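Observations on the three-dimensional arrangement
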Amino acid sequence: MTIKKILFGSVLAIGMVGTAKAQSMTEDVLLFSQGDNGGTARFKAMGGASTALGGDISAITGNPAGLGFYNQSDASATLRYQYGKNKMDYFGNKTNSKTDNFNLDNGGVVFHLPTTRYGGDLTKGWLNFNVGIAYNRTNLFNNKLDYSGMNSDNSITHAYADRMFDEDGSEWANDMKSSFMFDKTIGKDKNFYFPIAEDKGSEQLNSVWTKGGKSETALSFGSNYSNKFYIGATFSLTDFRYEKSAVFTEYGITKDAAGIKALNPESKYLKADEEQAKFVDVDYELFDHYGQVTQGSGFDFKLGMIYKATPSLSLGFTAKTPTFMSITDESTSYTDINYFKPNADKSFHNFASKYYDTSYDYNLQTPYKLSAGLTKYFSAGLLTAEVEFVDYASMRYRDVYNNNSNEQQMNANIKNTYQAAFNVRVGGEVLFNQILSGRAGFNYNGNPYKDAEYKTYGISAGLGAKLGRGVYLDLTGVYNANNYKENPYRITYEGDWNTVSPSVDVKNSRTNVMLTIGSKF
């Protein structure tokens, strides 16, 4: 099915007021709500499953109860290199784009604070109260889409015309009326605008760049009761910055006199003494520009427990509150249209819209998360798995300007667009000897959309080495992929135009290489 709200979508005139703004924010609330738990290369190699696994710095943002497994202190840092690739198909034209990024993915320290003095009973009661502090990069927004194709179904000006109908009388709609690209029909519906652009056969190009990241700083506490029951809690501060730049370009021709007459026999475009007449049956190029910078910060809490049913079997559970974020969104947009006589190199008329620069503040409540997992230990390794429940329909938008109708509309859009999903992570570790170990894992993220196919999976593998004196080194490779459809623009009233919004098929893949260097002390 055609995806309605997509992660990396370029939306016509996003960031202006009205319907386009609502569409943009409905997408953004998902984008800014998503992210992983971060962690070390060892944790990533095992598919990211940490709910029932302790003794790793990843427990700080995974299941904090895992801190109770520590019987000594630990510090580590993880570096990541990410290579991303998109394969796109737009009206049969296939293109590729690539990105790469190098960053600090994780850094943390765990302080082992035993509650029992030397010589005391180390098997009963509360045995430690460990503290962990960590920084995690939970999401990277770096992406690049460059695609083009010949659209024989419609034009971006159909999306413009629909918006002019919805926002008739607005500054933007009045601006577009002066572009010589639109006319009104006659009859009972006086607000029906139609584009002068011919809707059969326009060459379209779209370039969308995004960058930025989302990170968290976490403070965790974990304790061990009788080597049987472990409990922990985490308080996290989240911070993110998202930047987007998009340019949609369309080359086409305007309607001839017969095409205009069929829609409006009294059109000024048909009268030789009117200025509009010179825009009939000519070439044009249209550029739709959009820029966005969004920043936000917030906080959340997590509670975790691990129970050792047997010495070789652990059961884990975590509950994470929504992240309560305050967000500032700044966006710019403008449109240029140049008109050419047939076969001419120089335009005879240039339209430049006003430069729309907007800023908007809002609050966002991300989904709550619940996860359950188990770990089975063997003499030379372990297997671990977890299932995570995320209710994306529970996301909530809060209008800081007390615009109740806007808030209700946004939350209705969220509820109608998103659904609950299950994420699954599985991994294992094999100890080859006292020094070297190998790991592998798999993860699957469920579909957050009600009316679209959007699933992500990943595979991972890695090696670990103990170098002596408490120093260890872990190296991991992770491959993630997802397929989705993107709409470069959306036509609101598809039935009226007898067409559908165009979409590009995107096959996205990301290869991550992570290196963790740490020391136990």
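Relevant structure appears above.
Only a predicted model underlies this, so the values are computations on that prediction, with no experimental measurement involved.

**Here's the deal with the nonpolar core**
- Residues F32 and Y418 are the most contacted members of the largest nonpolar core, which totals 33 residues.
- Of all the secondary-structure elements, those providing two or more residues to this core are α1 (19-31), β1 (74-90), β4 (143-151), β8 (229-253), β11 (324-340), β13 (356-365), α6 (404-417) and β21 (504-520).
- Core analysis: the second largest hydrophobic core is formed by 30 residues, M164, A173, Y356 and I491 among them.

**Looking at the packing of aromatic side chains**
- Counted by the stated rule, this structure contains 30 aromatic pairs.
- With centroids separated by 5.1 Å and ring planes inclined at 45 degrees, the aromatic side chains of F235 and F301 adopt a geometry described as tilted. With F235 in strand β8 and F301 in strand β9 (residues 283-310), this residue pair connects regions lying 66 residues apart in the sequence.
- Residue class for F301 comes out partly exposed when judged on its relative accessible area of 40%.
- Feature note: the residues F32, F141, F240 and Y242 constitute an aromatic cluster, connected by ring pairs.
- Note that K308 overlies the ring of Y377, its terminal NZ or CZ placed 5.6 Å from the centroid.

**Considerations on a nonpolar patch on the surface**
- On the surface, F111, L113, F129, I133, L219, F221 and F521 cluster together into a nonpolar patch covering about 610 Å² of accessible area.
- Those elements that place two or more of their residues in the nonpolar patch are β3 (126-140) and β7 (202-225).
- We classify F111 as partly exposed; its relative accessible area is 36%.

**Observations regarding unusual backbone geometry**
- You will see that S226, though not glycine, has its phi angle at about 55 degrees, which is positive.
- Among the structural elements, S226 can be located in the loop between β7 and β8.
- A relative accessible area of 22% means that S226 is categorised as partly exposed.
- Unusually for a residue other than glycine, N498 sits at a positive phi of about 55 degrees.
- Within the secondary structure, N498 sits in the loop between α7 (494-497) and β21.
- Judged by relative accessible area, which is 71%, N498 ranks as exposed.

Calculation criteria
- Residues numbered from 1 in each chain as written.
- Predicted model: local features only at pLDDT ≥ 70, side-chain atom pairs only at ≥ 80, totals over all residues.
- Heavy atoms only, no water.
- Core = buried A, V, L, I, M, F, W, Y, C linked by side-chain atoms within 4.5 Å.
- Buried < 20%, exposed > 50% of the residue type's maximum accessible area, 1.4 Å probe, protein only.
- Helix = DSSP H or I, 4+ residues; strand = E, 2+ residues; numbered from the N terminus.
- Phe/Tyr/Trp six-rings, centres within 6.5 Å; stacked < 30°, edge-to-face > 60°.
- Lys NZ or Arg CZ within 6 Å of the ring centre and 35° of its normal.
- Patch = residues over 30% accessible without salt bridge, like charges linked within 9 Å, V, L, I, M, F, W, Y side chains within 5 Å.
- Areas by Shrake-Rupley, 256 points an atom, 1.4 Å probe, with all protein chains shown as cover.
- Salt bridge = Lys/Arg side-chain N within 4 Å of Asp/Glu carboxyl O.

Taken by themselves, the reported measurements are silent on function.
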